[in-house]
Amino acid sequence: AVFGFTSMLIKLLDDADPDAIAVAWDVRGPTFRKERYPEYKAQRDKAPDLFSSQLPLIREVVDTLGMRQIELPGFEADDVIGSLARQAGERGIPVIISTGDKDMAQLVDERITLVNTMSNTTLDSAGVEAKFGVPPVRIIDLLALMGDSSDNIPGVPKVGPKTAAKWLNQYGSLDAVIASAGDIKGKVCESLRENLDTLELSRQLATIRTDVELETGPGELRRDEPDRESLRE
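The present account deals with the structure reproduced in this document. It should be emphasised that the depicted structure is a prediction, and the values quoted were computed from it without experimental measurement.

## A look at the sheet that holds strand β3 (residues 95-98)
The three strands are arranged β3-β4-β5 in an open sheet whose pairing can be described as mixed. Only two strands of the sheet have a single neighbouring strand rather than two, namely β3 and β5 (121-123). Ignoring strand direction, the axes of neighbouring strands in this sheet form an average angle of 25°. Bridge analysis of β3 against strand β4 (residues 112-116) gives four bridges, and the strand direction is parallel.

## Remarks on the pairing of β4
With respect to burial, β4 is a largely interior element, four of its five residues being buried. For β4 and β5, the ladder comprises three bridges, and the chain directions are antiparallel. Bridging across to β5, Val115 finds its partner in Thr122. Connecting β4 to the antiparallel partner β5 that follows it, the hairpin turn spans four residues, and Asn120 within it adopts a positive phi of roughly 60°.

## Let's talk about the packing of aromatic side chains
A full pass over the atoms with the stated rule returns two aromatic pairs. For the pair Phe5 and Trp25, a centre-to-centre distance of 6.5 Å together with 20° between the ring planes defines the contact as stacked. Of this pair, Phe5 sits in helix α1 (residues 2-16) while Trp25 sits in the loop between β1 (22-24) and α2 (32-36), placing them 20 residues apart in sequence. What makes Phe5 partly exposed here is its relative accessible area of 23%. Here Phe32 and Phe75 contribute two aromatic rings whose centre-to-centre distance is 5.6 Å and whose plane-to-plane angle is 55°, an arrangement assigned as tilted. Of this pair, Phe32 sits in helix α2 while Phe75 sits in the loop between β2 (68-70) and α5 (77-90), placing them 43 residues apart in sequence. Across from the ring centre of Phe32, 5.3 Å away, lies the NZ or CZ of Arg209, which sits over that ring.

Thresholds applied
Residues numbered from 1 in each chain as written. Predicted model: local features only at pLDDT ≥ 70, side-chain atom pairs only at ≥ 80, totals over all residues. Heavy atoms only, no water. Pairing = 2+ DSSP bridges. Helix = DSSP H or I, 4+ residues; strand = E, 2+ residues; numbered from the N terminus. Axes fitted to C-alpha atoms, helices over the stretch in contact; angles between N-to-C directions. Buried < 20%, exposed > 50% of the residue type's maximum accessible area, 1.4 Å probe, protein only. Phe/Tyr/Trp six-rings, centres within 6.5 Å; stacked < 30°, edge-to-face > 60°. Lys NZ or Arg CZ within 6 Å of the ring centre and 35° of its normal.

Structure follows, in structure tokens:
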């Protein structure tokens, strides 16, 4: 895990050469999503001890590389990333989010792009629409409709990404799909009508917060010089 993380991080530094960078971490303990929906991520297995035991070493690598590390009780790393990215974008700073998480596609705009260092792919707004069938502003609606088994977001049973994208493109938004549920034909729409009450919950769980108050902003994330002696060790 240490080797893999460090290799991807060094590749990101080489390729992007960012002026500022931060690594965001999830925090142990309940989050606002878990409090809203106790089953959120409840199906996930505990991380293997062999992985967990390496996390302190990974944090040490980040420190010796001269980077900031940010975590906030009650929130996930996604919310920290979303809030920092939105702050930077509003200041006219171009942002790269290094992730393989499809949820992050909702953050993409003219200044924010995603980079997956494992697949060596980049997603801008056009790339998000090509991949998911909807623009970034509709990704939350897409996730709410189709659900997400990895996060245990309920969604609408029997509705997959293609059906969800078709409805959103036809009606324009999740609210419009809900309002038109009585007119949509087919067996899958029966499932939609039976699960209208849970769609708002799914939307809330799928939404990455971009308004979290952080003590550190984009301007405080410039890299320090790496501690080369510690890195060699």
